[in-house]
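Fold and contact review
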Amino acid sequence: MKQAVIYSCHLEERENEPDNELQIALCKEYAERNGIEIVGNYMDRVSTKKEPLLMKRLLLQECRKKHWNLVLIASMSILGRNIKETMKFLTELSKYVDYKIIDQENDKLMNEIGKLLKALYKENRL
(Lines give C-alpha, C1' and ligand atoms only; values in the text may rest on other atoms or scores of the structure.)
Protein backbone atom coordinates (compact mmCIF):
# COMPACT_ATOMS: atom_id res chain seq x y z
CA MET A 1 0.00 0.00 0.00
CA LYS A 2 1.25 3.46 -0.85
CA GLN A 3 1.81 5.84 2.02
CA ALA A 4 1.18 9.52 1.52
CA VAL A 5 1.23 12.87 3.23
CA ILE A 6 -1.06 15.75 2.40
CA TYR A 7 0.11 19.31 1.78
CA SER A 8 -2.46 22.08 2.16
CA CYS A 9 -2.12 25.85 2.16
CA HIS A 10 -4.64 28.61 2.69
CA LEU A 11 -4.14 32.35 2.39
CA GLU A 12 -6.67 33.86 4.78
CA GLU A 13 -7.47 36.84 2.52
CA ARG A 14 -8.67 34.50 -0.24
CA GLU A 15 -12.07 33.61 1.11
CA ASN A 16 -13.25 32.17 -2.23
CA GLU A 17 -10.66 29.35 -2.15
CA PRO A 18 -10.97 26.10 -0.20
CA ASP A 19 -9.57 26.25 3.33
CA ASN A 20 -7.08 23.70 4.66
CA GLU A 21 -9.77 21.45 6.08
CA LEU A 22 -11.57 21.15 2.72
CA GLN A 23 -8.29 20.56 0.89
CA ILE A 24 -7.40 17.78 3.34
CA ALA A 25 -10.87 16.24 2.98
CA LEU A 26 -10.52 16.18 -0.84
CA CYS A 27 -7.12 14.49 -0.56
CA LYS A 28 -8.40 11.93 1.98
CA GLU A 29 -11.33 11.09 -0.29
CA TYR A 30 -8.93 10.51 -3.20
CA ALA A 31 -6.70 8.38 -0.97
CA GLU A 32 -9.61 6.20 0.15
CA ARG A 33 -10.74 5.62 -3.44
CA ASN A 34 -7.21 4.63 -4.47
CA GLY A 35 -6.07 2.52 -1.51
CA ILE A 36 -3.55 5.07 -0.21
CA GLU A 37 -2.71 5.30 3.49
CA ILE A 38 -2.40 8.88 4.82
CA VAL A 39 0.50 9.08 7.30
CA GLY A 40 0.68 12.84 7.88
CA ASN A 41 -0.28 16.40 7.00
CA TYR A 42 1.70 19.53 6.26
CA MET A 43 -0.45 22.63 6.58
CA ASP A 44 0.44 26.25 5.86
CA ARG A 45 -2.00 28.98 6.90
CA VAL A 46 -0.83 32.50 6.17
CA SER A 47 -2.47 35.89 6.42
CA THR A 48 -0.41 37.63 3.72
CA LYS A 49 1.34 36.57 0.52
CA LYS A 50 4.65 37.73 1.95
CA GLU A 51 4.68 35.19 4.77
CA PRO A 52 7.00 32.22 4.15
CA LEU A 53 5.43 28.81 3.59
CA LEU A 54 7.37 27.04 6.31
CA MET A 55 5.55 23.71 6.08
CA LYS A 56 6.08 23.60 2.31
CA ARG A 57 9.83 23.91 2.90
CA LEU A 58 9.75 21.31 5.68
CA LEU A 59 7.78 18.93 3.44
CA LEU A 60 10.46 19.11 0.76
CA GLN A 61 13.22 18.54 3.32
CA GLU A 62 11.46 15.55 4.84
CA CYS A 63 10.62 14.01 1.46
CA ARG A 64 14.35 13.61 0.94
CA LYS A 65 14.31 11.07 3.79
CA LYS A 66 11.61 9.03 1.99
CA HIS A 67 9.41 8.09 4.94
CA TRP A 68 6.52 7.91 2.45
CA ASN A 69 6.29 7.64 -1.33
CA LEU A 70 3.54 10.09 -2.28
CA VAL A 71 2.41 13.66 -1.60
CA LEU A 72 -1.22 14.61 -2.22
CA ILE A 73 -2.02 18.24 -3.06
CA ALA A 74 -5.61 19.38 -3.61
CA SER A 75 -4.79 21.93 -6.33
CA MET A 76 -1.74 23.37 -8.04
CA SER A 77 -3.00 26.87 -7.24
CA ILE A 78 -2.26 26.44 -3.51
CA LEU A 79 1.45 26.17 -4.32
CA GLY A 80 1.61 29.80 -5.44
CA ARG A 81 0.71 32.08 -8.31
CA ASN A 82 4.15 32.06 -9.95
CA ILE A 83 3.88 29.06 -12.28
CA LYS A 84 7.64 28.83 -12.84
CA GLU A 85 8.28 28.64 -9.08
CA THR A 86 5.46 26.11 -8.70
CA MET A 87 6.92 23.89 -11.41
CA LYS A 88 10.38 24.24 -9.86
CA PHE A 89 8.98 23.04 -6.52
CA LEU A 90 7.15 20.09 -8.12
CA THR A 91 10.22 19.09 -10.11
CA GLU A 92 12.35 19.13 -6.96
CA LEU A 93 9.69 17.19 -5.04
CA SER A 94 9.51 14.53 -7.77
CA LYS A 95 13.21 13.77 -7.30
CA TYR A 96 12.32 12.16 -3.97
CA VAL A 97 8.67 11.09 -4.06
CA ASP A 98 5.72 10.93 -6.40
CA TYR A 99 2.96 13.52 -6.12
CA LYS A 100 -0.66 13.80 -7.18
CA ILE A 101 -2.54 17.04 -7.79
CA ILE A 102 -6.08 15.98 -6.95
CA ASP A 103 -7.97 18.43 -9.18
CA GLN A 104 -5.84 17.23 -12.11
CA GLU A 105 -6.48 13.59 -11.25
CA ASN A 106 -10.24 14.24 -11.29
CA ASP A 107 -10.38 16.33 -14.49
CA LYS A 108 -8.98 15.35 -17.91
CA LEU A 109 -8.46 18.95 -19.07
CA MET A 110 -6.62 19.92 -15.87
CA ASN A 111 -4.48 16.79 -16.23
CA GLU A 112 -3.47 17.76 -19.77
CA ILE A 113 -2.69 21.33 -18.66
CA GLY A 114 -0.47 19.91 -15.88
CA LYS A 115 1.41 17.74 -18.39
CA LEU A 116 1.86 20.73 -20.71
CA LEU A 117 3.22 22.90 -17.87
CA LYS A 118 5.65 20.16 -16.87
CA ALA A 119 6.91 19.83 -20.46
CA LEU A 120 7.27 23.60 -20.88
CA TYR A 121 9.20 23.84 -17.62
CA LYS A 122 11.58 21.04 -18.63
CA GLU A 123 12.22 22.85 -21.92
CA ASN A 124 12.87 26.17 -20.08
CA ARG A 125 9.94 27.77 -21.88
CA LEU A 126 8.13 29.07 -18.79
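In case you missed it, the structure is sitting above this.
Note that the structure is predicted; figures quoted are calculated from it, not measured.

Turning next to helix α5 (residues 108-122). Taking 1.5 Å of rise per residue, 15 residues should cover 21 Å, and α5 covers 21 Å from first to last C-alpha, within 8% of that figure. Those residues of α5 that sit buried are Gly114, Leu117, Leu120 and Tyr121. Buried positions in α5, seen along its axis, are confined to an arc of 130 degrees and lie on one side of it. When the buried face of α5 is taken as reference, the exposed residues oriented beyond 90 degrees from it are Lys108, Leu116 and Lys122. Two residues or fewer after α5 comes Asn124, characterised by a positive phi angle close to 55 degrees.

This part is about the pattern of salt bridges. The tally for this structure, following the rule as stated, stands at six salt bridges. Here Arg64 ties to Glu92 by a salt bridge, and the two come within 3.4 Å at their closest N and O atoms. One end of the pair, Arg64, is in the loop between α2 (54-63) and β3 (70-73); the other, Glu92, is in helix α3 (residues 83-93), and 28 residues separate them in sequence. When its relative accessible area of 40% is taken as the criterion, Arg64 is described as partly exposed. Among the salt bridges present, the one from Glu112 reaches Lys115, with a minimum N-O distance of 3.5 Å. Highlighted residues: Glu112 and Lys115, both in helix α5, separated by three residues, approximately one helical turn. Taking the relative accessible area as the measure of exposure, Glu112 reaches 47% and is therefore partly exposed. A residue is classified by how much of its surface remains accessible, and Lys115, at 49% relative accessible area, is partly exposed.

Another aspect to go through is the packing of aromatic side chains. What the rule picks out here adds up to one aromatic pair. One cation-aromatic arrangement involves Lys56 over Phe89; the distance from NZ or CZ to the ring centre is 4.7 Å.

So, how was this worked out
- Numbering of residues starts from 1 in every chain and runs along the sequence as written.
- For a predicted model such as this one, the threshold for reporting local features is a pLDDT of at least 70, and the threshold for listing and counting side-chain atom pairs is 80 or more; totals across whole chains, interfaces and linings nevertheless cover every residue.
- To obtain the side-chain values, all non-hydrogen atoms of the structure were included, while hydrogens and water were left out.
- Under the DSSP-based scheme used, a helix requires at least four consecutive residues in state H or I and a strand at least two consecutive residues in state E, with every element numbered from the N terminus.
- Take the residue count of a helix, subtract one, and multiply by 1.5 Å to get its expected span.
- Throughout, exposure labels follow a simple rule: accessible area from a 1.4 Å probe, protein chains only, divided by the maximum for the residue type, with under 20% read as buried, over 50% as exposed, and the rest as partly exposed.
- In this description, the arc belongs to the directions extending from the helix axis to the C-beta atoms.
- We count a salt bridge whenever a side-chain nitrogen from Lys or Arg sits within 4 Å of a carboxyl oxygen from Asp or Glu.
- Two rings from Phe, Tyr or Trp (for Trp, the six-membered ring) form a pair when their centres sit within 6.5 Å of each other. Planes less than 30 degrees apart are called stacked, planes more than 60 degrees apart edge-to-face, and all others tilted.
- Only when the NZ of Lys or the CZ of Arg is both within 6 Å of the ring centre and within 35 degrees of the ring normal is a charge said to sit over the ring.

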